[in-house]
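Letter by letter, the chains look like this.
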Amino acid sequence: METSCDETSAAVVDENGIRGLAIASQDAHAAFGGVVPEIAAREHIRSLDAMVRHAMHEAEVDHADIAGVGVTAGPGLVGALLAGVNWAKAYAFARRLPLLGVHHMEGHLFGTALEHEGAQPPFIGLLVSGGHTLLLEARAWGRYRLLGQTRDDAAGEAFDKVARRLGLPYPGGPEIQRAAERVAAARGAAAGGTSGAAGRFRLPRPMLSRRDLPGDPAYYDMSFSGLKTAVARIAEQLKEEGVLADAVDDLAADFQEAVVDVLAEKTRRAVEQTGCRRVVLGGGVARNSRLREGLAERLGSSGELYAPSPRLATDNAAMIAAAAHFRLARGERSPWSLNAEAALAFPGLA
């Protein structure tokens, strides 16, 4: 079960991969320009039963075939998480099945591995979502070393806030990418080229100073609030001049390029310092084609980049089930007192 934000999802997996997957994306939030926690929780409650039935039907299994229950226990919106956790606890208790709470961000790593056989440890993991931006070294499944993370806004959050500032619809990430693609087309970008090369506006690349050295916390950490503010200031100036509408696509493209530069360079540093050339990308922002291009460019021909499909980049229960399958096979169990975000840490993260 996955109900951490605004996708209600259920899935069935086994040792061979995904057997069934159902995802219901909530469209009730668009009018508010962001996710409303109360609405999200209510929508999960309405959709959970149907998603489970759909996933089990697609998997061609019945209740007697289920060996364990995994559920996202955090991080996420507490009300939304509670909907899934309580459903999973009730189901596991009624069927006398083992229960396991899964960390949402670890699930994103397993999501990419579901589609790519090569996405196995050791690797550098870049997890980029609306709520988190993490760079880590995965030495083995369940053994991770945190290298860096955002010190303020997550990359996905910055995309949404910048899009709102530019008058683009929610969710902002896909809208900014589309704007960047329009810029690329207008500039005559070759087919297969970048999805909106930057150039019109000079935007900062936070925390990429040449003074940063390995061992300095800033070497891997990221920050996007200053970049977001820089875009807001330019947008305000353009608005006062009455030309913002004509500059939205260019400003969106330059913002996207700045974010990609930061993420790709931080990842390149991790690859260089650890000697691990395999990179696994996960999280909702992994859908961004320019991010994948930027990472591939930085890694070069000797690097390996594994990115999820759009279906498994966004929040889904298949990745949660895969992580639960791994941990249940190791004999791990969650107590019946499992609660949303209660003492939940990224398991194995040092």
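Residues numbered from 1 in each chain as written. Predicted model: local features only at pLDDT ≥ 70, side-chain atom pairs only at ≥ 80, totals over all residues. Heavy atoms only, no water.

(A) A look at the environment of Ala41. Positionally, Ala41 belongs in helix α1 (residues 37-59). Ala41 sits in the buried class, given a relative accessible area of 12%. The contact partners of Ala41, leaving out residues within four places of it in the chain, are Gly79, Ala80 and Ala83. (Helix = DSSP H or I, 4+ residues; strand = E, 2+ residues; numbered from the N terminus. Buried < 20%, exposed > 50% of the residue type's maximum accessible area, 1.4 Å probe, protein only. Contact = heavy atoms within 4.5 Å.)

(B) Quick look at the packing of aromatic side chains. Summed over all chains, the structure comprises 8 aromatic pairs. With a centroid separation of 5.3 Å and 65 degrees between ring planes, the pair formed by Tyr144 and Phe346 is classed as edge-to-face. In this pair, Tyr144 is assigned in strand β7 (residues 143-149) and Phe346 in the segment after α10 (317-329), connecting sequence segments 202 residues apart. By the burial criterion, Tyr144 is buried, and Phe346 matches it. Between the aromatic rings of Phe159 and Phe255, the centroid separation amounts to 5.2 Å while the plane-to-plane angle is 75 degrees, which identifies the pairing as edge-to-face. Of the two residues, Phe159 is situated in helix α4 (residues 155-165) and Phe255 in helix α7 (residues 244-274); the sequence distance between them amounts to 96 residues. The pair Phe159 / Phe255 is uniform in exposure class, with both members buried. (Phe/Tyr/Trp six-rings, centres within 6.5 Å; stacked < 30°, edge-to-face > 60°.)

(C) Main features of the pairing of strand β4 (residues 99-103). For β4, the buried fraction is high: 5 of the 5 residues fall into the buried class. Relative to β4, strand β3 (residues 69-74) runs parallel, the two being bridged by 5 bridges. From the neighbouring strand, Gly70 faces β4, where its bridge partner is Leu100. In terms of handedness, the path from β3 via helix α2 (residues 78-95) over to β4 forms a crossover that is right-handed. (Pairing = 2+ DSSP bridges. Right-handed = clockwise from strand over helix to strand, strands pointing away.)

(D) The arrangement of the sheet that holds strand β6 (residues 133-140) in detail. Read from one edge to the other, the open sheet built from 5 strands follows the order β7-β6-β5-β8-β9, with strand pairing classed as mixed. The sheet is open, and its two borders are formed by β7 and β9 (304-306), each paired with just one other strand. The mean inter-strand angle of the sheet, taken between neighbouring strand axes irrespective of direction, is 25 degrees. Bridge count for strand β8 (residues 278-282) against β9 is 3 bridges, and the pairing is parallel. Of the residues in β9, the one forming a bridge with Arg278 is Glu304. In this fold helix α8 (residues 289-299) packs onto β5 (123-128), β8 and β9, with an angle of close to 165 degrees to the strand it touches most, β9. (Axes fitted to C-alpha atoms, helices over the stretch in contact; angles between N-to-C directions.)

(E) Layout of the confidence of the model for the protein chain. When pLDDT is averaged along the protein chain, the result is 92, and 96% of the positions lie at 70 or above. Contacts from residues 189-196, a stretch scored under 50 in pLDDT, to residues over four places away or in other chains number 19 contacts. (pLDDT = per-residue confidence, 0-100.)

(F) Highlighting the pattern of salt bridges. Per the stated rule, a full pass over the model turns up 24 salt bridges. Its salt-bridge partner being Glu175, residue Arg178 comes within 2.7 Å of it at the nearest N-O pair. You can see Arg178 and its partner Glu175 sitting in helix α5 (residues 172-186), 3 residues apart, about one turn around the helix. Connected through shared salt-bridge partners, Glu265, Arg268, Arg269, Glu272 and Arg298 make up one network. (Salt bridge = Lys/Arg side-chain N within 4 Å of Asp/Glu carboxyl O.)

(G) The packing of helix α6 (residues 225-240) against α7, seen in detail. The contact between α6 and α7 brings their axes to 11 Å, and the two run at 165 degrees. Our classification of the angle between α6 and α7 gives roughly antiparallel. Crossing of α6 over α7 shows right-handed handedness. On α7, the residues touching Leu227, Val231, Ile234, Ala235, Leu238 and Lys239 of α6 are Leu244, Ala247, Leu251, Phe255, Ala258 and Val259. Residue classes in the contact of α6 with α7 are distributed as 11 nonpolar, no polar and 1 charged. (Parallel < 35°, antiparallel > 145°, perpendicular 65-115°, else oblique. Left-handed = near helix turned anticlockwise from the far one by under 90°. Nonpolar A, V, L, I, M, F, W, Y, C, P; charged D, E, K, R; others polar.)

(H) Up close: α10. Helix length check: α10, at 13 residues, gives a terminal C-alpha distance of 18 Å against a target of 18 Å (1.5 Å per residue), a fit within 8%. When you tally the buried positions in α10, you get 11 out of 13 residues, the bulk of the element. Along α10, the positions that sit buried rather than exposed are Ala317, Ala318, Met319, Ile320, Ala321, Ala322, Ala323, Ala324, Phe326, Arg327 and Leu328. Residues of α10 that are buried sit in contact with β1 (7-14), β2 (17-25), β3, β4, α3 (104-115) and α9 (310-313). (Expected span 1.5 Å × (residues − 1).)

(I) Main features of the environment of Glu341. Take Glu341: it is sitting in the segment after α10. Residue class for Glu341 comes out partly exposed when judged on its relative accessible area of 33%. Separated by 325 residues in the primary sequence, Glu341 and Asn16 place their C-alpha atoms 30 Å from one another. Those residues in contact with Glu341, other than ones at most four positions away along the chain, are Ala73, Gly74, Pro75, Gly76, Val78 and Leu81.

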